[in-house]
Amino acid sequence: MRIKQIVLASAVLVSVSAFAQKDELKVLKKIYAKDIPTTNDMVEYKANVAKLSTLATEEGDKIYANFYKAMLPVLEVNSFGATVTPDQIANTYNLKAITDLAAALNATLDYEKKTGKKLYTDDINETINTTKPTLVNIAVGLGDNKKFKEASDVLYAVYLLDKKDTDKLFYAASYSVNGLDYDKALDYYNQLKALNYSGEGTVYWATNKTSKKEETFASKEERALFIKTGTREKPRDEKIESKKGEIYKNIALILVEKGKIDDAKAAIAEAKKENPNDSSLILTEADLYLKINDTATYAKLVNEAIAKDPNNPDLYYNLGVVNGNLNKLDEAEKYYKKALEIDPNYFNANLNLAELKLRADEKFVNEMNKLGTSEKDNKRYEVIKAEREKNFKAALPYLEKAVELKGDNESAKKTLLSVYNALEMTDKYKALKAKM
């Protein structure tokens, strides 16, 4: 008799627990359905989420308990209404909230697909589409504030939220590189490689007649519909080139950074096999050899790249850098000038060519300081002084061009000030000094 009583008591407890779960689920479902929940709604929602998390035992109840819990930041943002501020959004969507949201929404989608009961599938897909732009803006804001690791984590969570959007995985990898988190970047790039991601495609633009700003559209057909309504105009297509070369390149460079030279060489060999006509991969391989100080192989590969792409100023600029580092100044000058012949507005080539010429100044100054006061020394002093002035004048146009191109570059401006001062160009010196 006692055994029967114990079994009966257990059955009653299970029944009460299940009944309680249904009550919590009903309350959550009711509040979830509101477009703009009130403050009291949010208090009640949070309380029921907390209760349900301890009561849920069945698979379905656990899935929906996690779903309602993960949707909390979405409902909180909705509760702010039309007056919601960027700060409120950023404070609500922390990294854990975004990661939990991605995991819970995907788990719910999988469960509903398995059971064939699509209770929230349509809502979830809509939530993903409407929430993603907000989360991307948060990531961009973090990136703008140099919080690259955090930006990468947010974008990776966005990718987990919608794995069809592989672009977000690519940019998560890029932010990881900027944040010097090479292990995570390598993981993301290898995921992209496994997905055979290229990123190439077409962006469809059109101008909003009211705002006069360009907007993008999901497809050519969607853009055509808006143009037909008369609200958009000036359609244009933008071709996005393949990012495969950049992915393979970054994998190789990260492996070099980690000291895995052989793995890096293998990665480049694989990349070249995949993209035999991509001249940028030759440069990637060249960069590898430059990093391990094999300058002969580097120069050979860069020349190979030049043969394939003779009008690429970057190739000549890179050869200028190599020869400059090897103190082959005449060769370096030749390559920098070739880069500027192709692109006169190449900032780094202008700046480096000026620096190349100014290297001789140390030699002039040292000799002048060693001279005495004899007539012979005084004559030699005047000769060196003239040569020094001639050298300054040779560097001047490249420095002025560099400052013209990038007026915010402090290094270029300070060097130009020094040259103006040495050449006694007082008016130009004062004008530039006033801008600093």
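The structure reproduced in this document is the subject of the present report. From a predicted model like this one, the values you see are computed outputs, not experimental measurements.

1. Considering the overall build of the protein chain
Thought 1: When helices and strands are tallied, the protein chain shows 22 helices and 3 strands.
Thought 2: In summary, the protein chain has a C-alpha radius of gyration of 32 Å against a globular reference of 22 Å for 436 residues, an excess of more than 25%.
Thought 3: Dimensions of the protein chain, computed from C-alpha atoms along their principal axes, come out at roughly 125 × 55 × 50 Å.
Thought 4: Residue pairs at least 24 apart in sequence account for 56% of intrachain contacts in the protein chain once pairs closer than 6 positions are excluded.
Thought 5: Accessible area of the protein chain: about 25,500 Å², with a carbon and sulfur share of 51%.
Thought 6: Of the side-chain charges in the protein chain, 69 are positive and 67 negative, and the distance between the mean point of each set is 1 Å.

2. Points about the nonpolar core
Grouped burial of nonpolar side chains is what soluble globular proteins tend to show.
Thought 1: Judged by nonpolar contacts, the single largest core of 106 residues is most densely connected at Tyr45, Phe67, Tyr68, Met71, Tyr93, Leu105 and Tyr189.
Thought 2: Aside from chain neighbours lying at most four places away, what touches tyrosine 68 is Leu25, Leu28, Lys29, Tyr32, Tyr45, Val49 and Tyr120.

3. Let's talk about the pattern of salt bridges
Between side chains of opposite charge, a pair can form when the charged atoms approach closely.
Thought 1: With the rule as written, the count across this model stands at 28 salt bridges.
Thought 2: Aspartate 100 is the partner of lysine 96 in a salt bridge, and the nearest nitrogen-oxygen pair spans 2.7 Å. Of the two residues, lysine 96 and aspartate 100 are both situated in helix α6 (residues 95–115); the distance of 4 residues between them amounts to about one turn of the helix.
Thought 3: In this structure, lysine 184 and aspartate 153 form a salt bridge, with 2.9 Å as the shortest nitrogen-oxygen distance. Of the two residues, lysine 184 is situated in helix α10 (residues 182–194) and aspartate 153 in helix α8 (residues 148–161); the sequence distance between them amounts to 31 residues.

4. Remarks on the sheet that holds strand β3 (residues 232–240)
Thought 1: The strand order β2-β1-β3 describes an open sheet built from 3 strands, whose pairing is antiparallel. Lying at the two open borders of the sheet, with one neighbouring strand each, are β2 (214–217) and β3. Taking each pair of neighbouring strands and ignoring which way they run, the sheet shows an average axis angle of 30 degrees.
Thought 2: The pairing of strand β1 (residues 201–208) with β2 spans 4 bridges and is classified as antiparallel. Within β2, the residue paired with tyrosine 204 across the bridge is phenylalanine 217.

5. Brief notes about the environment of threonine 207
Thought 1: With respect to the element layout, threonine 207 can be found in strand β1.
Thought 2: Under the relative-accessibility criterion, threonine 207 is labelled buried at 9%.
Thought 3: Separated by 118 residues in the primary sequence, threonine 207 and isoleucine 89 have C-alpha atoms spaced 29 Å apart.
Thought 4: Ignoring anything within four residues of it in the chain, the contact list for threonine 207 reads Lys212, Lys213, Glu214, Thr231, Arg232, Glu233 and Lys234.

6. Describing the packing of aromatic side chains
Thought 1: All told, the structure shown has 17 aromatic pairs when counted by the stated rule.
Thought 2: Ring geometry for tyrosine 32 and tyrosine 68: centres 6.1 Å apart, planes at 75 degrees, overall edge-to-face. In this pair, tyrosine 32 is assigned in helix α1 (residues 2–32) and tyrosine 68 in helix α3 (residues 59–70), connecting sequence segments 36 residues apart.
Thought 3: Looking at tyrosine 32, the relative accessible area reads 12%, which means it is buried.

7. Digging into the side chain of asparagine 208
Thought 1: Structurally, the position occupied by asparagine 208 is in strand β1.
Thought 2: Of note is the side chain of asparagine 208, whose polar atom sits 2.8 Å from the backbone nitrogen of threonine 210.
Thought 3: Engagement of the side chain of asparagine 208 in a polar contact is seen with the side chain of glutamate 215, the distance being 2.9 Å.
Thought 4: Setting aside anything within four residues of it in sequence, one finds asparagine 208 in contact with Lys213, Glu215, Thr231 and Arg232.

8. What to know about the environment of alanine 332
Thought 1: Looking at the secondary structure, you find alanine 332 in helix α17 (residues 329–342).
Thought 2: Judged by relative accessible area, alanine 332 falls into the buried class, the value being 0%.
Thought 3: Along the backbone, alanine 332 and asparagine 352 are 20 residues apart, and their C-alpha atoms lie at a distance of 9.4 Å.
Thought 4: If sequence neighbours within four positions are ignored, alanine 332 has contacts with Gly320, Asn323, Gly324 and Leu356.

9. Some thoughts on the environment of leucine 55
Thought 1: Locating leucine 55 in the fold gives a position in helix α2 (residues 39–55).
Thought 2: Placed 310 residues apart in sequence, leucine 55 and valine 365 show a C-alpha to C-alpha distance of 83 Å.

10. Re the packing of helix α16 (residues 313–325) against α17
Thought 1: In contact at an axis separation of 7 Å, α16 and α17 are set at 160 degrees when each is read in the N-to-C sense. Our classification of the angle between α16 and α17 gives roughly antiparallel. Remark: the crossing between α16 and α17 carries left-handed chirality. Residues Pro313, Tyr316, Tyr317, Leu319, Gly320, Val321, Asn323 and Gly324 of α16 pack against Glu331, Ala332, Tyr335, Tyr336, Lys338, Ala339 and Ile342 of α17.

11. Considerations on α6
Thought 1: With 21 residues, α6 ought to run about 30 Å at 1.5 Å a step, and its terminal C-alpha atoms sit 30 Å apart, in line with that.
Thought 2: All buried positions along α6 are accounted for by Ala97, Ile98, Leu101, Ala102, Ala104, Leu105, Thr108, Leu109, Tyr111 and Glu112.
Thought 3: The elements touched by buried residues of α6 are α3, α4 (72–79), α5 (86–92), α7 (121–144) and α8.
Thought 4: Two to three positions downstream of the cap, the backbone nitrogen of lysine 96 sits 3.2 Å from a side-chain oxygen, assigning the N-cap of α6 to asparagine 94.
Thought 5: Phi turns positive one or two residues past the end of α6, at glycine 116, with a value near 80 degrees.

Rules used in this analysis
Residues numbered from 1 in each chain as written. Predicted model: local features only at pLDDT ≥ 70, side-chain atom pairs only at ≥ 80, totals over all residues. Heavy atoms only, no water. Helix = DSSP H or I, 4+ residues; strand = E, 2+ residues; numbered from the N terminus. Rg over C-alpha atoms; globule rule 2.2 N^0.38 Å. Contact = heavy atoms within 4.5 Å. Areas by Shrake-Rupley, 256 points an atom, 1.4 Å probe, with all protein chains shown as cover. Lys, Arg positive; Asp, Glu negative; His and termini not counted. Charge placed at Lys NZ, Arg CZ, Asp CG, Glu CD. Core = buried A, V, L, I, M, F, W, Y, C linked by side-chain atoms within 4.5 Å. Buried < 20%, exposed > 50% of the residue type's maximum accessible area, 1.4 Å probe, protein only. Salt bridge = Lys/Arg side-chain N within 4 Å of Asp/Glu carboxyl O. Pairing = 2+ DSSP bridges. Axes fitted to C-alpha atoms, helices over the stretch in contact; angles between N-to-C directions. Phe/Tyr/Trp six-rings, centres within 6.5 Å; stacked < 30°, edge-to-face > 60°. Polar contact = N/O pair within 3.5 Å; in protein donor to acceptor, adjacent residues only side chain to side chain. Parallel < 35°, antiparallel > 145°, perpendicular 65-115°, else oblique. Left-handed = near helix turned anticlockwise from the far one by under 90°. Expected span 1.5 Å × (residues − 1).

Read these as layout, nothing more, since geometry by itself doesn't imply function.
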